[in-house]
Amino acid sequence: MKVTDKLSGISRRDLFRLAGRYGMSSTLLAAGSLGGMVSLPSLAAAAESTYDKRFKKEAKFTLKFGASGFNARNLLIERAGALEFARDLESRTDGEIRVEFIGDNQICGQLSCVEKTQNGIIDIYAASTQNSAGGAPYLNVLDYAYVFPGRASQYHFLYSPESNAILRDPLEKRHGLKFLFSHCELRGLQMGSTFQDKPTVTKLEELFGTKNRVTGTQLGRIAMQLLNLNPVPVAWEETLDGLKTGLIDGAETWASAVGYANMSPVVSQSVDLKFFCGTEHTSMSSKVFDSLGGDLQDAVMESSYLAQVHVQAANEAALVKTVGFSDPVMPGTLFDEHNVRPAFLADDQIKMAEEMCSPEHNPEPWAQWRDRINKWAGGLDTYSELHRVAREVPADMKPENVEPRRWWKA
């Protein structure tokens, strides 16, 4: 069954009517828990049951969770763990913490969720670290080109206690954000109509000179410039039309984002350049976390760990079986439905790209940002440390085989 079919029998109007009765959080939590084809009566029953469970006692804390673009229709495309975290945290605390989940860009978008968390409008947010780097520049630390050789190395880093000194502690100290968990993919180029009739990309040079939309990351922009990919900032609202009309040739993002953001109809080729992080993460206001007290803080961390383990397994499966990011593309996936061709470049092409743009091989263009990030991290050489930790696991390790660890415990 195609993921787009799961809720096809339920109109947006009916979804909002249910949300008006049981709340958006209960409706979304219920939708996320159901399997197979979902009918309006089954979703209504699940929403009512979820509502009754969640409100059987008064909560000590009600936390607002702004989840940018996530909604009931795309929750099973990119598995970022937001609902699993909310559901587990409410259950684990026996209702002492209630999470008000507000998705679909209703309270914040990819660029604004971080600042609304810092300003106390919401307590928790989910958005990409790259789009959040505008409000929390330390998140650029993840975006050194080719510091992660694969998705396994990303998960290994997030589970590692060394992620505290390299990522989590400086982020909390500088920006007041507690990094909880993240999905892990590596960014490539999603090519639009100008590549529709071209052969599937096999050589890096076929991308040189193309014009591509870039997100909010400063380091990602450096990598694109060094690869002659002409990064241009384009508002998200204009990106799909730009790909469709040929105003831009491509957009840098990751494969499952093409699915969940409804880019599939306008993307012709998904080029697996894997040149820097694509991390849809969840962070929490450190002030709010500190206000919870010991037992509830422990619960937040354990629910974050559960969400991280869930994402690691579920997104790897969804990439192949839901998105269609494989060769050959599996039937019934989004890429199959919309004729998106994955382009997996050979090792020699990835090596060429790495030698053109990574700080290891071309350090000068990175020096200013690297020095800035290192100062924010208290003098730590962030690139070298990230590079070392990322290579503690084999480059070709399957991401689902990375051993989960509680990163906050030595």
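What comes next concerns the included structure. Small disclaimer: the values here were computed from a predicted structure and weren't measured.

Definitions and cut-offs
Residues numbered from 1 in each chain as written. Predicted model: local features only at pLDDT ≥ 70, side-chain atom pairs only at ≥ 80, totals over all residues. Heavy atoms only, no water. Salt bridge = Lys/Arg side-chain N within 4 Å of Asp/Glu carboxyl O. Helix = DSSP H or I, 4+ residues; strand = E, 2+ residues; numbered from the N terminus. Buried < 20%, exposed > 50% of the residue type's maximum accessible area, 1.4 Å probe, protein only. Pairing = 2+ DSSP bridges. Axes fitted to C-alpha atoms, helices over the stretch in contact; angles between N-to-C directions. Contact = heavy atoms within 4.5 Å. Phe/Tyr/Trp six-rings, centres within 6.5 Å; stacked < 30°, edge-to-face > 60°. Lys NZ or Arg CZ within 6 Å of the ring centre and 35° of its normal.

1. As for the pattern of salt bridges
Link 1 in the chain: Summed over the entire model, instances satisfying the criterion amount to 15 salt bridges.
Link 2 in the chain: A salt bridge links R370 to D381, with the shortest nitrogen-to-oxygen separation between them at 3.1 Å. One end of the pair, R370, is in helix α16 (residues 367–376); the other, D381, is in the loop between α16 and α17 (382–390), and 11 residues separate them in sequence.
Link 3 in the chain: Judged by relative accessible area, D381 falls into the partly exposed class, the value being 29%.
Link 4 in the chain: Note that R388 is salt-bridged to E392, the shortest N-O span being 3.4 Å.
Link 5 in the chain: What makes R388 partly exposed here is its relative accessible area of 35%.
Link 6 in the chain: When salt bridges that share partners are traced, they join E162, E385, R388 and E392 into one network.

2. Notes on the sheet that holds strand β3 (residues 124–128)
Link 1 in the chain: A sheet is described by the order of its strands in space; here five strands give the open sequence β2-β1-β3-β12-β4, paired in mixed fashion. The two strands at the open ends of the sheet, each matched to only one other strand, are β2 (97–102) and β4 (177–182). In this sheet, adjacent strand axes meet at a mean angle of 25 degrees when their direction is disregarded.
Link 2 in the chain: Pairing between β4 and strand β12 (residues 280–285): five bridges, direction antiparallel. Bridge assignment links S182 to a residue of β12, and that residue is H281.
Link 3 in the chain: Contacts from helix α13 (residues 294–323) reach β1 (61–66), β2, β4 and β12, with the element oriented near 35 degrees to β4.

3. A word on the packing of aromatic side chains
Link 1 in the chain: Applying the stated rule across the entire model yields 13 aromatic pairs.
Link 2 in the chain: Ring geometry for Y144 versus Y383: centroids 5.2 Å apart, planes at 70 degrees, classification edge-to-face. Residue Y144 is located in the loop between α6 (129–132) and α7 (151–159), and its partner Y383 is located in helix α17; the two are separated by 239 residues in the primary sequence.
Link 3 in the chain: Here a set of aromatic residues connected by ring pairs shows up, and it is made of F65, F85, F101 and F181.
Link 4 in the chain: Seen from the ring of F289, K178 lies directly overhead, with NZ or CZ sitting 4.6 Å from the centre.
Link 5 in the chain: A cation sits over an aromatic face here: R406 above Y305, 4.1 Å from the ring centre.

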